[in-house]
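Residue strings, one per chain:
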Amino acid sequence: MFNKIIIANWKMNPDNREEAEKLASLSDREGVVICPPFVFMETVLKAVKKGKVGAQNCFCEEKGAFTGEVSPLALKNMGCEYVITGHSERRNILQETSENVNRKAKKTMNLGLKTVVCVGEKKECKCDERDYENAEYIKKQLQESLLETSPENLIIAYEPVSAIGSGCPIPTYIAKDRMNFIKKVLIDIYQIKVDDEEDIASVDINIPILYGGSVNKDNASSYLYDAGFDGLLVGGASLNGEHFQKICEKIKK
Ligand code: 13P
């Protein structure tokens, strides 16, 4: 069992150092990981005293002639402890493939960075049914992104694309169903020994699974406690310090 974690993905916000510093201070608490844009990494590392800091992406090599890329080793040496890989915005807008995600995840997990691998159905799927095809899509993302990895330092974020930034989070019971599906896929990938008789929802596979997609102060508890996710990956609502504090209060329970 893990303590619940809440990861703030600021995406490409804010647009100046002062705001980044203020937001980091307001969001800083135990159990929280702040993932700012790279330009504010140092500012946020200085401001954060109780929480942790993560990157939204990195390259799959430690150093060399890779213009414009960011080294995972440099991030680690700066004090960054988490990295997000394969966010759907990178997969869909920047054409990142599961093969790219796999190369990055192998590198970051080996370096000891906690690596958040994001998966989720395509935008067309409104997640109003538990359909086989979309579950298979997630299974493929997991199998390809986690090829030849070990589960140490791995965190999975389940983010259905239709829920991201849309203000339309998916119903808790469907999210829970997907979480259990992801658990089964991970059990298969890593050959984790579980009692066949065990109810999948109560099996502890020692890999945190987070929910992301239109999380706000009013629905955070239902994903954490009704669905039973190990944490949340929060986008838009992490950009408002007071609102984000209210989400973070949910992990005190
Ligand atoms: P929103 O919380 O804005 O829907 O974004 C979710 C997300 O993409 C976090 O990585």
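As a starting point, this report considers the structure included with it.

1. Re the packing of aromatic side chains
Then, number 1: Under the counting rule described, the total for this entry stands at four aromatic pairs.
Then, number 2: Measuring from ring centre to ring centre gives 4.7 Å for Phe 59 and Phe 66, while their planes differ by 45 degrees; the resulting arrangement is tilted.
Then, number 3: In this structure Phe 59 comes out as buried when scored by relative accessible area, which is 18%.
Then, number 4: Following the ring pairs from residue to residue traces out a cluster consisting of Tyr 158, Tyr 211, Tyr 223 and Phe 229.

2. With respect to the site of the ligand
Then, number 1: Every residue lining the ligand is accounted for by Asn 9, Lys 11, His 87, Glu 159, Ala 163, Ile 164, Gly 165, Gly 213, Ser 214, Leu 233, Gly 235 and Gly 236.
Then, number 2: Between Asn 9 and the ligand, the recorded distance is 3.0 Å, taken from a side-chain N or O atom to an oxygen atom.
Then, number 3: Interatomic distance of 2.6 Å between a backbone N/O atom of Gly 165 and an oxygen atom of the ligand.
Then, number 4: Burial of the ligand by the surrounding chains reaches 95%, relative to a free accessible area of 310 Å².

3. Some remarks on the pattern of salt bridges
Then, number 1: Applying the stated criterion across every chain, the model contains ten salt bridges.
Then, number 2: Across the pair Glu 89 and Lys 11 runs a salt bridge, and its minimum N-O distance is 2.8 Å. Taken as a pair, Glu 89 in helix H4 (residues 88-92) and Lys 11 in the loop between strand E1 (5-9) and helix H1 (17-27) lie far apart in primary sequence, 78 residues in all.
Then, number 3: Glu 89 gets classed as partly exposed once you look at its relative accessible area, which sits at 27%.
Then, number 4: In this structure Lys 11 comes out as partly exposed when scored by relative accessible area, which is 21%.
Then, number 5: One salt-bridge network, held together by shared partners, links Arg 90, Glu 96 and Lys 104.

4. Quick word on the sheet that holds strand E6 (residues 154-158)
Then, number 1: Read around the closed barrel, the eight strands follow the order E1-E2-E3-E4-E5-E6-E7-E8; overall the barrel is parallel. Sheet twist, expressed as the average angle between the axes of neighbouring strands with direction ignored, equals 25 degrees.
Then, number 2: Bridging between E1 and strand E2 (residues 32-35) involves four bridges; their strand directions are parallel. Counterpart to Asn 9 in the pairing with E2 is Cys 35.
Then, number 3: Set on the sheet, helix H5 (residues 98-110) makes contact with strand E4 (82-85), strand E5 (114-119) and E6; between it and E5 the angle comes to about 160 degrees.

The rules behind each value
- Residues numbered from 1 in each chain as written.
- Predicted model: local features only at pLDDT ≥ 70, side-chain atom pairs only at ≥ 80, totals over all residues.
- Heavy atoms only, no water.
- Phe/Tyr/Trp six-rings, centres within 6.5 Å; stacked < 30°, edge-to-face > 60°.
- Buried < 20%, exposed > 50% of the residue type's maximum accessible area, 1.4 Å probe, protein only.
- Near = heavy atom within 4 Å.
- Polar contact = N/O pair within 3.5 Å; in protein donor to acceptor, adjacent residues only side chain to side chain.
- Areas by Shrake-Rupley, 256 points an atom, 1.4 Å probe, with all protein chains shown as cover.
- Salt bridge = Lys/Arg side-chain N within 4 Å of Asp/Glu carboxyl O.
- Helix = DSSP H or I, 4+ residues; strand = E, 2+ residues; numbered from the N terminus.
- Pairing = 2+ DSSP bridges.
- Axes fitted to C-alpha atoms, helices over the stretch in contact; angles between N-to-C directions.
- Contact = heavy atoms within 4.5 Å.

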